[in-house]
Amino acid sequence: MTTLDNIITNWFNAGFGGAVSPWVGNIVLISVSLLLTVLFAFVIGFEREYQGHAAGLRTHLLVAIGSALIMIISLYGFDPTKYPSRDPARLAAQVVSGIGFLGAGTIVQTGTDVKGLTTATTLWISMAIGLCFGSGNFVIGVIGTIFAFLALVSMKKFEKVIQRKNPIVTIVVPSDKPVMKEIVQISQRYGLTLRETYTELVSFEENSALRIEIRITSPSHQVLSNFVDEVRFTIRPLELKVTAESQN
């Protein structure tokens, strides 16, 4: 089936329709593929850089460029007359599986909270962008980048609406005081679901303390109030407050 991408790549590989030598058109096609890779991966990487994540703009660009280069080598780096059984998809498959190791390095577990899942996913998306443009699938690369960016940025508004219904209970206790078991037991008595838990060592009045943030799923005002009162009476924290948004 002839697609727009086929028409574009064939025109380049034919030397701009026969106007110049085919190898010149091929070099220009490779250059265009890498340029588009940089431009569209920049969109994803800039958002991560703007949000202050460790895997930012440079990391996403390098992942995308590397993926594009591997795809280009897979297509043009092996002479089909010498390697008639070559499969261009084999190197791409290795990239897809290999990027998982890089993405895993951005996932960090702090206490009981897991950070970096979105960044790991955007690295995977950057890899896919590189493979798209490196293989000459320009239309798919453009559409995929647009949808990825919309999901990454626009969905935050919907997340905030949902989070308002799931308040955060922040508890500060001495660092040597284990309290999670008691908190879980209290929540179970009130039928509450602890959706996310984040723990962090902090300084409180010049002493070491543990700050615990717990997101509770859609409790009623009375149940939440009773839960907070019992936690305050049972655990006697150094500080306790309820907010609608996480502080992290």
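Being a predicted model, the structure only gives us computed values, none of them experimental.

Asks: Please clarify how helix α5 (residues 89-104) should be interpreted in this entry.
Replies: Side chains of residues three or four places apart in an α-helix project in the same direction, reflecting 3.6 residues per turn. Helix length check: α5, at 16 residues, gives a terminal C-alpha distance of 24 Å against a target of 22 Å (1.5 Å per residue), a fit within 8%. Buried within α5 are the following residues: A92, V95, I99 and G103. On the buried face of α5, the contacting elements are α4 (57-76) and α6 (117-134).

Asks: Looking at this model, I keep getting lost on the sheet that holds strand β5 (residues 207-216). Mind explaining?
Replies: Two pairing modes exist for strands in a sheet, parallel and antiparallel, and in both the strands are linked by backbone hydrogen bonds. With antiparallel pairing, the four strands of this open sheet are ordered in space as β4-β5-β3-β6. The sheet is open, and its two borders are formed by β4 (194-204) and β6 (239-243), each paired with just one other strand. This sheet shows a mean twist of 15° between the axes of neighbouring strands, independent of strand direction. Here β4 runs beside β5; their pairing, made up of ten bridges, is antiparallel. Within the sheet, the bridge partner assigned to E200 lies in β5 and is R211. Sitting on the sheet, helix α10 (residues 221-235) is in contact with β3 (168-174), β5 and β6, with an inclination near 165° to β6.

Asks: Help me understand the side chain of E47 in this model?
Replies: Positionally, E47 belongs in helix α3 (residues 22-50). The exposure class assigned to E47 is buried, which follows from its relative accessible area of 7%. Sequence-distant contacts of E47, that is, excluding residues within four places in its chain, are made with F149, L152, V153 and K156.

Asks: What should I look at first to understand the packing of helix α9 (residues 180-189) against α10 in this one?
Replies: For any two helices packed against each other, the geometry is given by the interaxial angle and the distance between the axes. Taken N-terminus to C-terminus, the directions of α9 and α10 make an angle of 145°; their axes are 10 Å apart at the nearest point. You can see that α9 and α10 cross each other, and the crossing is right-handed. Between α9, through E182, I183, I186, S187 and R189, and α10, the contact on the second element is made entirely by F227, E230, V231, T234 and I235. Considered class by class, the residues forming the contact of α9 with α10 number five nonpolar, two polar and three charged.

Asks: Hey, could you run me through the pairing of β3 in this one?
Replies: For a regular strand, side-chain orientation follows a simple rule: the groups alternate between the two sheet faces. The buried count for β3 comes to six of seven residues, which makes it a mostly enclosed element. Relative to β5, β3 is paired through seven bridges, and the arrangement is antiparallel. Bridged to P174 within β5 is A209. Both β3 and β6 contribute to a ladder of five bridges, which runs antiparallel. In the strand pairing of β6, I171 is matched with L240.

Asks: Mind showing me how you'd approach unusual backbone geometry here?
Replies: Keep in mind that most residues, glycine aside, have a negative phi and that most peptide bonds are trans. In this model, F16 sits at a positive phi of 60°, which is unusual for a non-glycine residue. Within the element layout of this structure, F16 appears in helix α2 (residues 15-18). Given a relative accessible area of 24%, F16 falls into the partly exposed group. Of note in this structure, R236 is not a glycine but carries a positive phi near 55°. With respect to the helices, strands and loops of the structure, R236 is situated in the loop between α10 and β6.

Asks: Where do I start with the nonpolar core in this structure?
Replies: Note that soluble globular proteins tend to have their nonpolar side chains buried in a common cluster. Judged by nonpolar contacts, the single largest core of 17 residues is most densely connected at I171, V173, I183, I212, I216, F227 and V231. The leading source of residues in this core is α10, at five residues.

Each value, and the rule that gives it
- Here, residues in each chain are numbered from 1, in the same order as that chain's written sequence.
- Where local features are concerned, this predicted model is filtered to residues with pLDDT of at least 70; where side-chain atom pairs are given and counted, the filter is 80 or more; whole-chain, interface and lining totals use all residues.
- Heavy atoms throughout the structure, all of them, feed into the side-chain values; hydrogens and water do not.
- Starting at the N terminus, helices and strands are each numbered in turn, a helix being any DSSP run of H or I of at least four residues and a strand any DSSP run of E of at least two.
- In a helix, the anticipated span is given by 1.5 Å times the number of residues less one.
- Throughout this description, buried means an accessible area under 20% of the type-specific maximum (1.4 Å probe, protein chains only), exposed means over 50%, and partly exposed covers the range between.
- Only heavy atoms enter the contact rule, under which two residues are in contact if any of them lie within 4.5 Å.
- Whether two strands pair depends on DSSP finding at least two bridges between them.
- The axes are straight lines fitted to the C-alpha atoms, using for helices just the contacting stretch, and the angles between their N-to-C directions are given from 0 to 180°.
- Note on convention: near helix rotated counterclockwise from far helix by under a right angle means a left-handed crossing. Clockwise means right-handed.
- Only Asp, Glu, Lys and Arg are considered charged in this grouping, and only Ala, Val, Leu, Ile, Met, Phe, Trp, Tyr, Cys and Pro are considered nonpolar; every other residue, Gly among them, is considered polar.
- Throughout this description, the term nonpolar core refers to a set of buried Ala, Val, Leu, Ile, Met, Phe, Trp, Tyr and Cys residues connected via side-chain atoms within 4.5 Å.

Remember, this is a structural readout, not a statement about activity or role.
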